[in-house]
Every structure is written in structure tokens, then in C-alpha cells.
Amino acid sequence: MQHYLKILGVHCIVGLGLFYSSVLCCQNNINVSSHRKNAKPVYLTDDFEHGTLDGWSNLADWENSEESPISGDFSLKHVTGSDTSHIFHPLYIADFNADTFTWRVKLRNGNWDPSGSNKFWFFLAGDRANLSSGANGYAVGVNFTGTDDLLKLWRITNGLVSATLISSSLDWNPNTLAGMEVTRFPGGTWELKLDRQGDFNNLVSEGTGNDNTHQSSLACGLVFIYTRTRAGLLWMDDLYIGPPVADTILPEITSAKVLTGSTISLHFSENPDPLSALDLTNYLVNGSISPVSAEFMAGNKHTVMLRFAESFSEQVPFELSVTGISDLAGNTMLPFSIILFYESFKAVGLRITAGNRIKISFNREVNISSAETTSNYFITPGNINPIAASVNTLALNEVFIEFAEPFIQKISYSLNLENIKDKFEDKMNPTVLEFVYYIAMPYDVVINEIMARPEPSFGLPGKEYLELFNKSGYVIDLTGWYLRIGTSSRSLPEYQMQPGSYLVLCHPNHVSAFSQYGETLGIQSFPAISDAGQTISLLDKQDNVISAVAYKEKWYGSSFKASGGWSLEQIDPENPCAGASNWSASTHPSGGTPGRINSILNLRPDTDPILVNRVVPVSSNLLRVFFTESYHYQSITSADLFSVNMGIGNPVQVIINPPLFTFVDLVFATPFISDVTYELFVERSIYDCAGNLLGTRNKAKFAIPKQPSFFDLVVNEILFNPHEGGVDFVEVYNRSQKVINLREVIVASRDAKTGELRSLNQSSPEGFLVFPGEYAVITTSTPATLNHYYTPNPYGFSEISTLPAFNNDQGVVVILNTGMEILDEFSYTESMHYPLLTGAKGVSLERINFDRETNDPQNWHSASQTVGFATPAYKNSQFVDGLQESQRQITIEPEVFSPDNDGFDDVVNIHYEFEKPGFVANIIIYDSRGRTVKKLVQNQILGTSGFFSWVGTNDARQMSPLGIYLIYIDLFHADGTRKQFKKTCVLAGKLY
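None of the values given here were measured: they were computed from a predicted structure.

A. How the structure looks around the packing of aromatic side chains. Tallied over the full model, the rule gives 51 aromatic pairs. Positioned above the aromatic ring of Trp566 is the side chain of Lys561, whose terminal nitrogen or guanidinium carbon lies 4.4 Å from the ring centre.

Here it is as C-alpha cells:
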């Protein structure tokens, strides 16, 4: 029985485990060499770029993969398996002594170190398909036997190592990549060459060996023995088996460096021929000056050191020409010339790495003995030598020096260096490095610009970025700081930020695109910036918050700019905790100002004191205190700043809450008792980011809340058709005797067709207490609401991220407790608004009475024009408390007034109170002769109660004469009701 395996048009006949001699060779990707007249056959070549594994067998654990290929777009990669995987390819060679044979292959492991349990080898030649068991042949690899991790060439007999032919000096470590070439000459001589750069251009012989035991081949392939955690972490590429590969590549000079005033190093792409490389006549400076010596760098046959009799001049360009250099195969490089200049050995940087430790960077590697001599350094003031100096073993151009005493904040120092040499004994001139010791304080560096949605681009690179601004007067070291975007934290690389400078942070791939705008720093795995908004913070090495901003999409102030291509810019960097009021969309034509002054820069100083907003019990002994803005966390110095009455006293622990610092948690030893109202007092030494002390609102009441039941909390007012730039709101009223926490209340809507609840939202995720008889407004933007409406209670707002979408024509407002028990439900329609309104936009619907049926249409009315068409967080303008008609009237007070600005009876007030809302008023003032003096009110929609005032002036804004005046009040209602009142008053004054 025979099986046929087709490989790109060339057939290998496989029968009963044997490869028949009727096939000369098998190969992938290129034409078989034997098809060319008199050409020696290439037996196999595969660079795996064809995307398949044609010709290979036992493929279950292997794939042709695009994941981290060694070269090109694909490599052979291990995928999975149990503990042993092998893959093989037919390779029929009848007699090794008939010719010279060469094998080339590239191998790479993942981030693991070979061991007795994790090892691999490539079978150059074997006598069977299953190369992992009992095979005879030759293999090159690591730890076939033993655990020294050295790459070796073995003879294999019955599946075991019977001889080590060559042991290389390559110690295979994690993530090692090597190109290897094995050649067998007739008679049994083997040679192993390695290119440790992972290619075949710099092959160096690792030795030879002799063995003639096995003289033929049926297969070649890769064997991998591994533990579970190493599965999938082995790659192979660029396999070649055939006659020796002729070297036709010309050598090149890959780098030329001036090491000292009289020494140049040249690095070649491969080992040059020593006779040509050391020939002084092959090198000239400025066309006439030859070196006095040429030698290979110790242990490096790729690098030639040229020494000249006279020193080069500092920073003066000169031309080096090189000709006639050949490689070991006789290929001669093309003529080469380069312009170089000499830069003397010098210190190029200083960084303070700790309170008493400095890192000095030099422009080249140092002489360790001179660099570690502490007497070669001293610091002023004080002329103090360091107690230790050590060269960085990972970067030999860096030296750490340590002093016995820490530096002093904001003090200027001078570090003096002398007698320091480089590794070539080039001595540095005496040098003085100036520095100021400064540890960054909170808000010294601020997040100044955010590009969350960069497309479509209006001129910028179209990539996400952040911008930092150093508003301090000092150099600030960002090395080791952390950028936190949402829940992702990334460490910042080494960077010194100059005072008053900007710095763009982005993905490393985009640094070149942003560098044209200013200083740019690439952050590995730069986190995605959310379009909708999130918290971004900057922390120093000690995890202290330096800057933080919790931006939202609505901060753009423009739906067009929020849709993409525009950055959010900070208006005043000196006011870094102001939130939404200090941020807006860029106005620059390109969409942003990375690395430059913000387009909307403007002084907006914070002069408002920080205030206590509210207090909410989290548990029986844990209290959460919310402030009106971010407090400066360094001002929270003691638990004594907080105290509770009723014998509770000070907390035993204060917990600040980064990164925004808008609330603190207080832990008390004594638990709070139900049905008791407490009061928290806060000392006024706490201050905000701008240094403003806590204002007079430094206390707040609280109590243990209770679960609300039906009709404890009712819908009292709703704005469902807001002004442009405004937002919806729902006002609730606590008509019970319970203290209710809005954290336990859900606001929702109801589907008009199915009747199902939808868009359920917690009314205050952080907690908000509503005491009996109090109002609370639930909205998505307190500032947007306050921009359009007055309220005497700015602390009665619970801001949440999402409200149900309340339609302008009709909808349902539902409030529930967390047990899903409905507390109140209101079905509204636009037709419930007062019919005489010219438009309902920006007008809220108010509940007339708390105790009446919620869905009684007669219990709702448009808010009065006199209050600006809404009464958020305070008593409704249309509220009626159930007084008898006889108690409702229009009154004039005082009946005699004297508008002389003496503070006593300067105005006359016209008070009104009606049994129902919706009256429209006209009020005219007449003199005693019946002439019109003042049209005080014209067609104004009234609430159920209120007043108007007359200061005694006429329509021409002139003071009226002394005398008796008639006040005529004409009222009409949409239901046809009409009322008219006539009242008199006396305008009095002093007689002279």
C-alpha cells in the first residue's frame, strides 16, 4: 500500500514508513535545482511565506503562523499539545559521502529558559518519520541530554545521544533567536556556524567534529519536549537543505564612532578579512592622514579600532574614507566615506533619583575606577563629597552618587566633577552641574488637554493624546510616575519636564506625528481614552495624586465638536479642580493645541470657598461627607477637624478618597441611633485646590435613613422639554416622617405599549438624604439646570449620569424603592401645560398639592412666569395648601409708603393668594385724576401666591408726585373665570 504526498508539483512517494529512491528531492517555494543542467540539487527550502504547511506531516500541534514571525509574515510555530510534539518532512539522501551538504535553520523560543523538561532540537537527518522516538541520525539543539542549555550537534542512535560532535558557546536563554548552519563534508567532517543576530549574514564557526556513522537520510524535522506553560512558544523559519550557500554579500560598515580625540571604531556587517581590515592604507582622514594602528576590538572580530597620531579638533568635521576591505569569502566592500566630528568626554545629564541620590549621564562609557572615586565629586554649598559612587552595570555611561544627608527642598546646588575618564582614558574637563532639589506638589503638573475622539481630523494626526502642563517654576522629574486612564495604569519613562512647558503623551507609534507640535513622550500600551468620559489621573512614584480630571462628553458644549476631531482644553491651568466650568472644546482650526498654549486660555481664578454639600451615613458608624468641590488632601491633617453632636465626638479614622477628593469617609467608635437627627461640624482649616478655606456652610444634618414606602416620596415637578443647552429634571418631595436616602430610590419610565418599566436609574449612587418636608431634584447636570433657573436651595440636587428619556409630548415618570415597590407614578402629556402659554419649552409642570391624586390632571399646572417657569428644589409656584376662599385675597402693604430710600416703607407690596393656579394678571397704577401712571404688570401668568412691588415711579421712570393712587388688578383664567380688584395706596414724603 502506498500513499502519495504532493508538494508544489513535486511528489514524494511514502510507503510503509520508507521514502523510495525514485524521488531525488522534495522542496518548497523554489524550483528544484536538479531541473537546471549540471546544478546540484537543493533538497528542501521553506520560508513558510506561502501560508500553508504543504509537505510537512504530523501537524496537529503546529501551524504556519503570523504571530511574532522570525522573518517575513509567517513562521512555523508550535501551538499546543501534551508534552512532546514533533513535525517532519521527507528528506531522501542516499549517501552523505557523495557530496557536501549544508543545513540552515532559524530557531527562537519564547520567554522561557531551557531545562531538562523544556528542550528542543532539529533533526538534520533521520531514518524514520517519527523523529521523537528511536530514530538514528544527527540533530542540533539544546538539552537533548544534560541541562547546560548550550547549543550542540549530536549523533543520535536508537533515539539517544551516542556522541556530541560539537558543543557551541551559545547559552540558550529566554527569547533567544539564532541562525545556525551545519555543513557535512565527504569523509564525515561536520562544522557548526552560528549567527547570534538571528540571520545568516554573520555566521561564526563554533568548531568542527568528525563522524561517519550514519550515511543516509529519510526525514528531517523539529522535536519539542515541554511543560504546559511552555506550549506554543517555539518558532522555526528559513529552512534550507542543499549544497553549501555561496557568500556573495558585500561587507558594509554599519557604524563609525569617534571614541576619543585620536580613536575611531568601525563596525562591519560581517567579519572582515584580517589582512584587508588591518591594512592602514585602506583608511584615510581628509584624503591624506592614515592611522598609525588598526586592530580588532577585544573579543569582537566585527569591529576595527583605528588610532591616529594627532588628536582631532573638538566639534570640527572631518571625512573618513575606507576602501579595499574584503570579507572572509573575498567579497570587497564598496568605497565608503562619512563625515565625523570629535566630541570630548562630558557629562550630559543629571537626575535626582532620591532625596540624597543623583544619577549622572555621560556621553560615553566611563572608566569605572575614576567614576567610582568619591573624591572626584563634591557638592556646594558645603563642599561635601558623596559617601558612595557606583557605575550602572546596565548602562556604563551612567553613575549613581549618594550623599549622607538629604537635599533641601527648593535649594540650588552645584555638583562639581573632576578627574573623570571614559573607558578609553580620555579625561573630562572639570565640570559644574547646577540643579535645584524640588519634589513636585499636588497640581504642579496638570492634565491640560484631552483628545478622546480624534476622527475626523481637522489637521491634527488623528490619534488620541493627552497634554500635561508644568505650571510650577521648577524642573520636575516624571520618571516612574503613573498615568491612570479609567482603570488602566501606565508607568512614565524617564523624562525631565521643564518649568512652564507642555508635554504630549501618546502611543509610541504616534510620537513622530506629534513631535512637530512640541515635546512628546510615548507611553507603552497607551490606554484608550473613552469618548463618553472617564477619570484620568497623574500620580507620582509614591502614588500621590498630582492631577486628576473626570471629564464628560457634555463638557464640549457642542454636539458637533463632541462627535469627533476636537480636543477638550482646560481654560485656566491655575484652577485645576473646577471641573466642567474650567473645560471646553478647543477653538483652534485644527481641532486642538497639543504641545502649545490652549486656544481657550483665560484667567478664571477660584475665589469661592469650599463648602460642605451633604452628609450621608454609609453604615451605623461610617459617615460620608461630600464637599461642593475638591478639597486639597494635604489640608486633611487630623480627625479633630470633624465632630458630631449628641455625644458622638470626633471620628477615630478619616479616609480621603483619591483621585478627585470630593468626599471623605469618617469612622466613629460610637454607632448612630435610628430616629435621631445628628449634626456634623467641620473645622474651617480645610481648603480647596486654590487654597480657599472652608466657608460658613461647615455643618450638615444627617440621620439613619429608612426604606421608603408607597406615597412617602412623590413626583412634585418635572421638566421634560428643556431649553437648548438645558437638561431634564425630576423633583421629588418627601411627604413622610422618614429620612429617605435617594440611593434607595430608582427613577424610571414606562413603555407606552408594553407597560414595562424601562431605563431604571439609581437616583443617587453615592447617597443623598431627603428629610421630611424637603425637596430634591434628580438631574444629569446641576450646572445646566442652575444656568436656566433660580433656586434658594443649590444643595438640593442629585446629579446622576443618566435619566430616562422623557419625551416632549407625553411620558411616564416612575419612582420605586430598591425592593421594586412603586412609590409614585405620574403620566404626563404636553396638553397639561397652561393653554395660554406661547410655548412649553423650558417650562416645568408643577404639582399643586402633595396630598391630592398624582394623576389628577387638575393637580398639575405650568410653573409661573414670575419664578422663571420652574422651581427646582423649593416650593412650587403653583402650590395650594387647601386654605378656604375667605382666606385668599389681595392685600396692599403698607397702604402708605415713602420711597425716599431711608430703609423704611420705601415700596408698596401687592400680595396675592388664589385657590387655583393659572391666573393671568394685568396691574395698572392710576393717579387721583384717573390718569395712567404705571403699567406694573402686563399679561403675566401668576402662581398661586406671590407679590409685586411698586417703588413710586411712572412709566417714564420718573418719581410720581405725592398723593393717593389707585391700584387696578385685572385677573382672568383659561377656564373663563375673571376677577377684578381695586386697591388704594398713599405715596407720602417729607414736606420742606
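B. Molecular detail of the sheet that holds strand S64 (residues 896-897). What the five strands build is an open sheet, ordered S64-S70-S69-S66-S67; its pairing is mixed. Only two strands of the sheet have a single neighbouring strand rather than two, namely S64 and strand S67 (932-941). Of the strand pairs in this sheet, strand S66 (residues 920-927) and S67 are connected by six bridges, and their pairing is antiparallel. Bridge pairing in S67 places Ile925 opposite Lys934.

C. Molecular detail of the state of the cysteines. Overall, the coordinates contain one disulfide when judged by the stated rule. A sulfur-sulfur distance of 1.9 Å marks the disulfide that ties Cys577 to Cys689. Between Cys577 and Cys689, the disulfide has an S-S torsion of -80 degrees and is therefore left-handed. Residue Cys577 is found in the loop between strand S42 (568-570) and strand S43 (583-585), and its partner Cys689 is found in the loop between strand S49 (678-682) and strand S50 (699-702); the two are separated by 112 residues along the sequence.

D. A look at the layout of surface pockets. Of the volumes computed, that of the second largest pocket is approximately 680 Å³. What lines the second largest pocket is a set of 26 residues, among which Arg104, Phe200, Leu203, Asp247 and Glu270 lie closest to the centre. Elements that contribute at least two residues to the lining of the second largest pocket include exactly strand S8 (101-109), strand S13 (177-185), strand S14 (189-195) and strand S15 (204-210). If you tally residues by element for the lining of the second largest pocket, the top one is S13, at three residues. Across the lining of the second largest pocket, the residue classes break down as ten nonpolar, nine polar and seven charged.

E. Up close: unusual backbone geometry. A cis amide bond links Thr380 to the next residue, Pro381, at an omega of 5 degrees. The residue Pro381 is located in the loop between strand S27 (377-380) and strand S28 (388-391) in this model. At the junction of Glu455 and Pro456, the peptide bond is cis and its omega measures out at 0 degrees in the coordinates. With a phi close to 60 degrees, Met646 is a non-glycine residue in the positive phi region. Positionally, Met646 belongs in the loop between strand S46 (642-644) and strand S47 (653-656).

F. The arrangement of the sheet that holds S28 in detail. In spatial order, the strands read S25-S26-S29-S28; together these four strands make up an open sheet with antiparallel pairing. Either end of the sheet is taken by a strand with one partner, and the two such strands are strand S25 (347-354) and S28. Taken pair by pair, the neighbouring strands of this sheet meet at an average axis angle of 20 degrees, ignoring direction. With six bridges connecting them, S25 and strand S26 (residues 357-362) associate as antiparallel partners. For Leu350, the partnering residue across the bridge sits in S26 and is Ile360.

G. Broad picture of the nonpolar core. Ranked by size, the top nonpolar core spans 44 residues in total, and within it Trp103, Leu124, Trp172, Met180, Trp190 and Met236 carry the most contacts. Not counting residues up to four positions away in its chain, the partners in contact with Leu124 are Leu91, Trp103, Tyr138, Ala139, Val140, Leu153, Val182, Trp190, Ala219 and Cys220. Counting residues in each nonpolar core, the second largest holds 41 residues, with Val616, Val644, Tyr678 and Ala703 among its members.

H. Just the environment of Ala139, in detail. With respect to the element layout, Ala139 can be found in strand S10 (residues 137-142). Sequence separation between Ala139 and Ala163 is 24 residues, and the spatial gap between their C-alpha atoms is 11 Å. Setting aside chain neighbours within four positions, we find Ala139 in contact with Trp121, Phe122, Phe123, Leu124, Lys152, Leu153, Trp154 and Ile156.

Cut-offs and rules
Every chain begins its residue count from 1, and numbering advances along the sequence as written. Only residues with pLDDT of 70 or above have their local features reported here, since the model is predicted, and side-chain atom pairs are shown and tallied only from 80 upward, although totals for entire chains, interfaces and linings are computed over all residues. Think of the side-chain values as coming from all heavy atoms in the structure, minus any hydrogens and water. Only rings of Phe, Tyr and Trp enter the pairing, Trp through its six-membered ring, and a pair is recorded when the two centres are within 6.5 Å. The plane angle decides the type: under 30 degrees is stacked, over 60 is edge-to-face, the rest tilted. Whether a charge lies above a ring is judged from NZ of Lys or CZ of Arg, which has to be within 6 Å of the ring centre and within 35 degrees of the ring normal. At least two bridges found by DSSP between two strands are what make those strands a pair. Think of it this way: any DSSP run of H or I at least four residues long counts as a helix, any run of E at least two long counts as a strand, and we number them from the N terminus. The disulfide definition used here is simple: a pair of cysteine sulfur atoms within 2.5 Å. Grid points spaced at 1 Å and placed over the protein atoms alone form the basis of the search, with a cavity being a set where a 1.4 Å probe fits but cannot get out and a pocket an open set showing protein on both sides within 12 Å along at least five of seven lines. Lining residues have an atom within 4 Å of a point. Grid points are joined across faces, edges and corners, and a volume is the space filled by probe spheres set on the points. Residue type decides the class: Asp, Glu, Lys and Arg count as charged, Ala, Val, Leu, Ile, Met, Phe, Trp, Tyr, Cys and Pro as nonpolar, and the leftover types, Gly among them, as polar. Orientation is described by lines fitted to C-alpha atoms, with helices fitted over the stretch in contact, and by angles between N-to-C directions that extend from 0 to 180 degrees. Only buried Ala, Val, Leu, Ile, Met, Phe, Trp, Tyr and Cys residues count toward a nonpolar core, and they belong to the same one when joined by side-chain atoms within 4.5 Å. Each residue is placed in one exposure class: buried if its accessible area under a 1.4 Å probe, protein chains only, is under 20% of its type's maximum, exposed if it is over 50%, and partly exposed if it falls in between. Only heavy atoms matter for contacts: two residues are in contact if any of them lie within 4.5 Å across the pair.

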